[in-house]
Amino acid sequence: MSKPQSSIKREMAMLSRYIGFVAARFLTAALAMLSILRLSPSCAYIAVLGILLPMLLQAVINEDKKKEPEWQLPKTMKKYHFSYIRYRCEQGAAPILLLFLAIWQYALTRSTLSSPWNIYPAMLFVLNIVSRIIIMLCFRIYLHFEFTNMKQL
């Protein structure tokens, strides 16, 4: 495999991972907001954390745009608002969000109330991981289909 072809495949993989991170984060935040009436306000904190954490990480990182690598597929990267800094922030925010979901689950299991809603954070945890993988794979297939049919470059 030639160098440009391998870099295109690498870029497509990074883009599909990025879309998976973003979609899973927003899905988790939306489902956490839906449970606000049944559970404590901690689910609202999880939702706000899920939405704002990558933006906060991006503000903290403060890297130059000059370090952005040359992309083989610049139109595709621009279409999906991909940048390497955003990708790294999403990659860093995902385990932090999962950590907070695990802490929320631990706090609910230690409470004296027994309810079917007590497993909700664990379900969000699993749903986040599964949806990220499924969306990443579907988007990778979609990009491959679009790229092989020359519909976008």
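Data block above holds the structure.
Just so we're clear, the structure is a prediction, and the values are computed from it rather than from any experiment.

Draft legend 1. Representation of the overall build of the protein chain in the model. When its secondary structure is counted, the protein chain shows five helices and zero strands. Its helices and strands in sequence order give the protein chain the pattern α-α-α-α-α, from N to C terminus. Burial analysis of the protein chain (153 residues in total) assigns 39% to the buried set. Put simply, 75% of the contacts in the protein chain that link residues at least 6 apart link residues at least 24 apart.

Draft legend 2. Local environment of the environment of Gln 105. Position of Gln 105 among the secondary structure elements: in helix H4 (residues 84-110). In this structure, the C-alpha to C-alpha distance between Gln 105 and Met 123, residues 18 residues apart in sequence, is 9.5 Å. Looking at Gln 105, its side chain comes within polar contact range of the main-chain nitrogen of Ala 122, at 3.0 Å.

Draft legend 3. Highlighting H4. Across its 27 residues, H4 extends 40 Å between first and last C-alpha, which sits within 8% of the 39 Å expected from 1.5 Å per residue. Looking at H4, one finds that the buried residues are Ile 85, Tyr 87, Cys 89, Glu 90, Ala 93, Ala 94, Leu 97, Leu 98, Leu 101, Trp 104, Gln 105 and Leu 108.

Draft legend 4. Geometry of a nonpolar patch on the surface. Taken together, Phe 26, Val 48, Ile 51, Leu 52, Met 55 and Leu 56 make up a surface patch of nonpolar side chains, about 530 Å² in accessible area. A total of five residues in the nonpolar patch trace back to one element, the largest contributor, which is helix H2 (residues 42-61). Note that Leu 56 resides in helix H2. Its relative accessible area of 52% is what places Leu 56 among the exposed residues.

Draft legend 5. Local environment of unusual backbone geometry. The phi dihedral of His 81 is positive, around 55 degrees, even though this residue is not glycine. Assignment of secondary structure puts His 81 in the loop between helix H3 (74-79) and H4.

Draft legend 6. A look at the pattern of salt bridges. As enumerated under the stated definition, the model contains one salt bridge in all. Of the charged contacts in the structure, one is a salt bridge between Arg 25 and Glu 90, with a shortest N-O distance of 2.8 Å. Taken as a pair, Arg 25 in helix H1 (residues 3-34) and Glu 90 in helix H4 lie far apart in primary sequence, 65 residues in all. We note that Arg 25, like Glu 90, is buried.

Draft legend 7. Quick peek at helix H5 (residues 120-148). A rise of 1.5 Å per residue sets the reference length of H5, with its 29 residues, at 42 Å; its end C-alpha atoms lie 41 Å apart and thus fit the reference within 8%. When we look at burial in H5, the residues that qualify are Tyr 120, Pro 121, Leu 124, Asn 128, Ser 131, Arg 132, Met 136, Phe 139, Leu 143 and Glu 146. With its phi angle positive at about 55 degrees, Met 150 sits one or two positions after the end of H5.

Draft legend 8. Quick look at the environment of Pro 69. Following the sequence through the fold, Pro 69 ends up in the loop between H2 and H3. Relative accessible area serves as the criterion here: at 35%, Pro 69 is assigned to the partly exposed category.

Draft legend 9. Structural context of the packing of aromatic side chains. A full pass over the atoms with the stated rule returns five aromatic pairs. Between the aromatic rings of Tyr 18 and Phe 82, the centroid separation amounts to 5.3 Å while the plane-to-plane angle is 90 degrees, which identifies the pairing as edge-to-face. One end of the pair, Tyr 18, is in helix H1; the other, Phe 82, is in the loop between H3 and H4, and 64 residues separate them in sequence. There is no split in this pair, since Tyr 18 and Phe 82 are both buried.

Rules behind the numbers
Residues numbered from 1 in each chain as written. Predicted model: local features only at pLDDT ≥ 70, side-chain atom pairs only at ≥ 80, totals over all residues. Heavy atoms only, no water. Helix = DSSP H or I, 4+ residues; strand = E, 2+ residues; numbered from the N terminus. Buried < 20%, exposed > 50% of the residue type's maximum accessible area, 1.4 Å probe, protein only. Contact = heavy atoms within 4.5 Å. Polar contact = N/O pair within 3.5 Å; in protein donor to acceptor, adjacent residues only side chain to side chain. Expected span 1.5 Å × (residues − 1). Patch = residues over 30% accessible without salt bridge, like charges linked within 9 Å, V, L, I, M, F, W, Y side chains within 5 Å. Areas by Shrake-Rupley, 256 points an atom, 1.4 Å probe, with all protein chains shown as cover. Salt bridge = Lys/Arg side-chain N within 4 Å of Asp/Glu carboxyl O. Phe/Tyr/Trp six-rings, centres within 6.5 Å; stacked < 30°, edge-to-face > 60°.

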